[in-house]
Amino acid sequence: MFCSIGKEKKDLEVKKEFNSKGDLLDIEIHGLVGFTEDQKKFFLKAMELKKIVDNSQNYKFKILDSNMTQKQGRSNKEVYAHWRSGFSNYEKMVDQDIDLFVTLYDSPRKGTLGYTSMRTGKIYTNRAVLDHYMRGFDGEFTIPLCGLVGHISHEYMHSVGYIHRGFWSYKRNSVPYVFGRQARSLAEKVVKGEKLVPLFGSS
Ligand SMILES: [Zn+2]
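Residues numbered from 1 in each chain as written. Predicted model: local features only at pLDDT ≥ 70, side-chain atom pairs only at ≥ 80, totals over all residues.

**Describing the overall build of the chain**
And step 1. For the chain, the helix and strand inventory stands at seven helices and four strands.
And step 2. Helices (α) and strands (β) of the chain occur, in sequence order from the N terminus, as β-α-α-α-β-β-β-α-α-α-α.
And step 3. By the burial criterion, 38% of the 203 residues in the chain qualify as buried.
And step 4. The contacts of the chain with a sequence gap of at least 6 include a subset with a gap of at least 24, amounting to 70%. (Helix = DSSP H or I, 4+ residues; strand = E, 2+ residues; numbered from the N terminus. Buried ≥ 20, exposed ≤ 12 C-beta atoms within 10 Å, placed from the backbone. Contact = placed C-beta atoms within 7 Å.)

Here it is as structure tokens:
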């Protein structure tokens, strides 16, 4: 259940200005490396679900209301706006896109879900973990997708520039963990048939 990022100290700065114009946040997939066709299908379906969560009032309120730590001096609102700007270390353009480049790898460490390169912003997902998530996937919006939604939401915040360190009780409230945990829990609500309230009147 652990992500291996966060041991190194790093100065991170936002290279460009960002703001939240209130537009919908999209997901742009730049590369899926090492995926089979079935794994790709699963990934794309999970990202459809993630988009519903990302563009919901529910997610916004959960993030703004949380006791997030390791925010690099930003308020919850600023972290939220930073995320929605589309800025990440993978693609520094402030284009309101979540730009994803994900590679599957075989990890010798069992409980590790994956990691993100802070330099390139690329995400690496443990192949065994993806296979574990996929069990029971039938092509529809069902529970198996929710683990991946949480994982990608967590890793993407590393790509944006946030880290986690310290004891678990402190670390679990860091930006990546809060974004990941809340995304997963809202995704579970969606697959159970609960309607989220869309941001800005979108569907
Ligand atoms: Zn992490």
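**What about the confidence of the model for the chain?**
And step 1. This prediction gives the chain a mean pLDDT of 88; 87% of its residues lie at or above 70.
And step 2. Confidence, read as mean pLDDT per element, is least for helix 6 (residues 168-171) in the chain (89) and greatest for helix 7 (residues 175-191) (98).
And step 3. Of the regions scoring below 50 in pLDDT, residues 6-22 engages in 25 contacts with residues more than four places distant in sequence or in other chains. (pLDDT = per-residue confidence, 0-100.)

**Structural notes on the nonpolar core**
And step 1. The biggest cluster of nonpolar side chains holds 43 residues, and the ones touching the most others in it are Leu49, Val53, Val149 and Ala187.
And step 2. Of all elements in the fold, only helix 1 (37-54), helix 3 (76-84), strand 2 (97-105), strand 4 (123-126), helix 4 (127-134), helix 5 (144-160) and helix 7 reach the threshold of two or more residues within this core.
And step 3. In this structure Val149 touches Ala46, Leu49, Lys50, Val53, Ala183, Arg184 and Ala187, once residues within four positions along its chain are discounted. (Core = buried A, V, L, I, M, F, W, Y, C linked by C-beta atoms within 7 Å.)

**A look at unusual backbone geometry**
And step 1. Despite not being glycine, Gln70 shows a phi value in the positive range, around 60°.
And step 2. Even without being a glycine, Gln72 presents a positive backbone phi close to 55°.
And step 3. Positionally, Gln72 belongs in the loop between helix 2 (57-65) and helix 3.
And step 4. The class for Gln72 is partly exposed, based on 15 C-beta atoms found within 10 Å.

**Quick notes on the pairing of strand 2**
And step 1. Where strand 1 (residues 26-33) and strand 2 come together, seven bridges link them in parallel fashion. Across the sheet, Leu32 pairs through a bridge with Val102, a residue of strand 2.
And step 2. Across four bridges, strand 2 lies against strand 4 in parallel orientation. Paired with Leu104 across the strands is Thr125, a residue of strand 4. (Pairing = 2+ DSSP bridges.)

**Section: helix 7**
Each α-helix winds once per 3.6 residues, and so residues spaced three or four apart point in a common direction.
And step 1. In this model helix 7 runs 24 Å from its N-terminal to its C-terminal C-alpha over 17 residues, within 8% of the 24 Å that 1.5 Å per residue would give.
And step 2. Counting buried positions along helix 7 gives 12 out of 17 residues, so the element sits mostly inside the fold.
And step 3. Considered for burial, the residues of helix 7 that qualify are Val175, Pro176, Tyr177, Val178, Phe179, Gly180, Gln182, Ala183, Arg184, Leu186, Ala187 and Val190.
And step 4. Where helix 7 terminates, the next one or two residues include Gly193, which has phi positive at roughly 100°. (Expected span 1.5 Å × (residues − 1).)

**Remarks on the environment of Asn67**
And step 1. Here Asn67 lies in the loop between helix 2 and helix 3.
And step 2. Each C-alpha atom of the pair Asn67 and Val178 lies 8.7 Å from the other, and the pair is 111 residues apart in sequence.

**Comments concerning the packing of helix 1 against helix 5**
And step 1. The N-to-C vectors of helix 1 and helix 5 enclose an angle of 70°; their axes lie 9 Å apart at closest approach. What the angle tells us is that helix 1 and helix 5 run roughly perpendicular. For helix 1 against helix 5, the interelement crossing comes out right-handed. Together, Phe43, Lys45, Ala46, Leu49, Lys50 and Val53 of helix 1 and Leu145, Leu148, Val149, Ile152 and Ser153 of helix 5 make up the contact between the two elements.
And step 2. Grouping the amino acids of the contact of helix 1 with helix 5 by side-chain chemistry returns eight nonpolar, one polar and two charged. (Axes fitted to C-alpha atoms, helices over the stretch in contact; angles between N-to-C directions. Parallel < 35°, antiparallel > 145°, perpendicular 65-115°, else oblique. Left-handed = near helix turned anticlockwise from the far one by under 90°. Nonpolar A, V, L, I, M, F, W, Y, C, P; charged D, E, K, R; others polar.)

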